[in-house]
Amino acid sequence: LSFKDVPVFRMYTDRMPKDKMYIKGFYGAQYVGGKWINDGDDFEKAVKEAGFDVEEVKKNISLMGKIGVENYFVYNSSHELYPMKATLEYLKKNNKVAYVPYFSDVYSEIDIEGGVYYEKDKELTKISYLLYQENLDYEKMGVTSVGEYQEEWEIWYEEYVCDNYLSLPGGMDGIKDIAKDLMSNNNLQTIEGVPGENVLRARAANVVAEWMAKNMNYTTEPPSLPRNADPVEYFVSQSKEGYCMHYASAATLILREMGVPARYVSGYYVDESGFKIADKDYMNIIMDNAAHAWVEVFLDGMGWIPLEVTTTYYDGRNPNAGDLDDENTTEEKDTSDATSTTQEPASGEVSSS
């Protein structure tokens, strides 16, 4: 894993961000042969077979997080929401991926694809969002009850999530052993991967995040992968050294084995300390070393919520900032498909050096 130390975005906000942000590009639904692939075509086919309008369902899913946060603060919090206007300016040309902050409105110039990721016209260089800048505590979110009334599409989607985001490939004995130990040691044996289990999912998310951050070692130069070994299984069982793609992949699979619907996600980690006053706004130049991978966990009534699991990032520090390899580049590629780790970690393939 290497970076060229080049800027990829400028981000402008009308308020000083109060916490770190994650802007999402690619999500991985299935882990196959060391690669994460999304389920875009299969998802849209499933929506049609269920009798729903595909575009309407995708739009509703994209807004679940924002609406869920609004409801959470109305009923469960003593402090106010933190709404913020943000504009993301692309500095690299010919990029069709629309990177989207969590808990935001999706604007018309963005195309919602699959289930759900975003694309834009390559010529579009600026995208504006209205978002809630929150990094919510999983334990508190877990007690958020799902409303008494749910629309038919939402009931269907929660079932779809449990049917499609709990699978593991064959083998993975190390992943299974870790999941079994974490469930036993933390009294989480009752998770079954069915709708309505937010409290247990939230507890499991915290348990896995803490375990990963404390027991794995971050490095951009992991040990060489033995022939025919799976990179994630080798990471958790043997080397215990890797970078964010290894952490996020392993945590996603551990959570799935525990019965928690989870997805692998990549995009960019935005540190709030990088924002400076620029005219009437605040501005942050986001470098290529901010490329990152994390986990999404699905909570009923809330949607897909980001979960940090990587050592140092878990403590609020990007280990790659200021420690770059200028001789190698990580050219960005369309993250709607699985790509090689010779690119930045906005891809879906996991490997060791």
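Starting afresh in each chain, residues are numbered from 1 along the sequence in its written order. Where totals are concerned, whole chains, interfaces and linings use all residues; where local detail is concerned, this predicted model gives features only for residues with pLDDT of at least 70, and gives and counts side-chain atom pairs only at 80 or more. Remark: hydrogens and water are excluded; side-chain values derive from all non-hydrogen atoms of the structure.

**Observations concerning the environment of K180**
- Relative to the assigned elements, K180 resides in helix α5 (residues 173-185).
- Sequence-wise, K180 and E257 are 77 residues apart; in three dimensions their C-alpha atoms are separated by 8.2 Å. Numbered from the N terminus, helices here are DSSP runs of H or I no shorter than four residues, and strands are runs of E no shorter than two.

**Here we look at the nonpolar core**
- Nonpolar cores were defined as sets of buried Ala, Val, Leu, Ile, Met, Phe, Trp, Tyr and Cys residues, with membership established by side-chain atoms within 4.5 Å. Here the term buried applies to any residue with accessible area under 20% of the maximum for its type, exposed to any over 50%, and partly exposed to those in between, with areas from a 1.4 Å probe on protein chains only. Formed by 104 residues in total, the largest nonpolar core has its most connected members in Y157, M212 and I286.
- If you tally residues by element for this core, the top one is helix α8 (residues 244-257), at nine residues.
- What makes two residues a contact is simply this: any of their non-hydrogen atoms within 4.5 Å. Discounting residues that sit within four places of it in the chain, Y157 has contacts with F43, I61, M64, G115, R263, F298 and W304.

**So, the pairing of strand β12 (residues 262-270)**
- Of all nine residues making up β12, nine are buried, and the element is well covered by its neighbours.
- If DSSP finds at least two bridges between two strands, the strands pair. The pairing of strand β2 (residues 21-28) with β12 spans seven bridges and is antiparallel. Bridging across to β12, F26 finds its partner in S266.
- Pairing geometry for β12 and strand β15 (residues 291-299), over seven bridges, is antiparallel. The partner of R263 across the bridge, within β15, is E296.

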